[in-house]
Each structure stands twice: as C-alpha cells, then as structure tokens.
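Now for the letters of each chain:
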Amino acid sequence: MATDVAARGLDIPNVEVVINYSFPLTIEDYVHRIGRTGRAGKSGISHTMFVGARDKPRAGELINVLSEANQKVPEELLAFGTTVKKKESKVYGAHFREVDFTQKATKVTFDSDSE
C-alpha cells in the first residue's frame, strides 16, 4: 500500500497486486499506479475502486485505457458514458493542446550564450 509518491520513479520489484482504494485524479496517475505490477516483463493484477458520483468525469478516459490494453470494459463502467472532457484549471490553464500534425517542425539554433 502506498501513496501517489510510489506511483512514479521508484523501482519496487516483485509487486504482484495493486489495490487503488480511490481512483487517481488523473488517468496518467492511474496508469503509473497500475504499472507497478508490470515491471521487467512481469505481470500482476490491479483492482481499482471506482465510485460513480466522484469518479464519473474520468470514466471515458478509463474506458479508453482499458480498451487500448485489450482489457474487458465492464458494462457498469460503460453506463457512465465514454465522454472525455478537456481539462482546464483556473490556476494552471489548459491540460490539452490542439496540435496541427500536418505542420513541420522548425529547427532552432543558437550561435552564442547571449541568445
């Protein structure tokens, strides 16, 4: 059992089971939490408590993650809908960016330390 601190950056070998008593605030944190079981080619099991009223805004994201991992998506989860909302914070701004994938990258070079 651990906090979000153990979700990233720590190599904890031989974790076979992860139980999330609360769904993380972001889907990225969810992926990092459950990833504790899949280190060095090993596998494991992850159980996550998903409380409808509190966690519903992340249902669509969770459905996408499960689908991409070829996992069975429970019918009860599908009942919450598949909408994925773009996130924006009053303090930090948008957590998404519209990207034009047809635009080519521009190489930037600096001639000196003053630039």
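Not measured: the values here are computed from a predicted model.

K.L.:
In this structure, what is going on with a nonpolar patch on the surface? I would like to understand it.
P.N.:
On the surface, Val17, Ile19, Tyr21, Ile45 and Met49 cluster together into a nonpolar patch covering about 480 Å² of accessible area. Tracing the backbone shows Met49 in the loop between strand E2 (45-48) and helix H2 (52-55). In this structure Met49 comes out as partly exposed when scored by relative accessible area, which is 38%.

K.L.:
Quick question: what am I supposed to make of the pairing of E2 here?
P.N.:
Residues in a regular strand project their side chains so that they alternate between the two faces of the sheet. When strand E1 (residues 17-20) meets E2, the two strands line up parallel, connected through 4 bridges. Each bridged residue has a counterpart across the sheet, and for Val18 the counterpart in E2 is Ser46. A crossover connection joins E1 to the parallel E2 through helix H1 (residues 27-34); in handedness this β-α-β unit is right-handed.

K.L.:
Quick question: what am I supposed to make of unusual backbone geometry here?
P.N.:
A negative phi angle characterises most non-glycine residues, just as the trans form characterises most peptide bonds. Residues other than glycine seldom take positive phi values, yet Asn70 does so here, at roughly 55°. Here Asn70 shows up in the loop between helix H3 (59-68) and helix H4 (75-78).

K.L.:
Quick question: what am I supposed to make of the packing of aromatic side chains here?
P.N.:
Two aromatic rings are characterised by how far apart their centres lie and by the angle between their planes. One pass over the structure, following the stated rule, counts 3 aromatic pairs. With 5.4 Å between their ring centres and 80° between their planes, Phe23 and Phe50 make a pair best called edge-to-face. Within this pair, whereas Phe23 is found in the loop between E1 and H1, its partner Phe50 is found in the loop between E2 and H2, the two being separated by 27 residues in sequence. Using a relative accessible area of 4% as the deciding quantity, one classes Phe23 as buried. Pairing Phe50 with Phe80 gives two aromatic rings, centres 5.4 Å apart and planes at 55°, and the pair type is tilted. Taken together, the residues span a long stretch of sequence, with Phe50 in the loop between E2 and H2 and Phe80 in the loop between H4 and strand E3 (88-89) at a distance of 30 residues. The exposure class of Phe50 is partly exposed, given its relative accessible area of 22%. Here a set of aromatic residues connected by ring pairs shows up, and it is made of Phe23, Tyr30, Phe50 and Phe80.

K.L.:
Mind showing me how you'd approach H1 here?
P.N.:
Each full turn of the α-helix corresponds to 3.6 residues, which orients residues three or four apart in the same direction. What H1 keeps buried is the set Ile27, Asp29, Tyr30 and Arg33. Seen from one end, H1 has its buried residues packed into an arc of 155°, which puts them on one side. Residues of H1 that are buried sit in contact with E1, E2 and H3.

Reading the values: the criteria
- In every chain, residue numbers begin from 1 and rise along the written sequence.
- Owing to the predicted nature of the model, reporting of local features is limited to residues with pLDDT of at least 70; listing and counting of side-chain atom pairs is limited to 80 or more, with chain, interface and lining totals taken over all residues.
- Think of the side-chain values as coming from all heavy atoms in the structure, minus any hydrogens and water.
- To count toward a patch, a residue needs a relative accessible area over 30% and no salt bridge; like charges are then connected within 9 Å, while nonpolar side chains (Val, Leu, Ile, Met, Phe, Trp, Tyr) are connected within 5 Å.
- Note on areas: Shrake-Rupley, 1.4 Å probe, and residue coverage restricted to the protein chains presented here.
- By definition here, a salt bridge exists when the distance from a side-chain nitrogen of Lys or Arg to a carboxyl oxygen of Asp or Glu is within 4 Å.
- To qualify as a helix, a DSSP run of H or I must reach at least 4 residues; to qualify as a strand, a run of E must reach at least 2; elements of each kind are numbered from the N terminus.
- Residue burial is assigned from relative accessible area. The probe radius is 1.4 Å, only protein chains are included, and a residue is buried under 20% of its type maximum, exposed over 50%, and partly exposed in between.
- A pair of strands is labelled paired if DSSP reports no fewer than 2 bridges between them.
- Here is how to tell: hold the view so the strands point away, follow the path from the first strand over the helix to the second, and if it runs clockwise the crossover is right-handed.
- Aromatic rings from Phe, Tyr and Trp, with only the six-membered ring used for Trp, were paired whenever their centres fell within 6.5 Å, and each pair was classed as stacked if the ring planes differed by under 30 degrees, edge-to-face if by over 60, and tilted otherwise.
- The arc in question is formed by the directions pointing from the helix axis toward the C-beta atoms.
- Contacts are assigned to residue pairs with any non-hydrogen atoms lying within 4.5 Å of each other.

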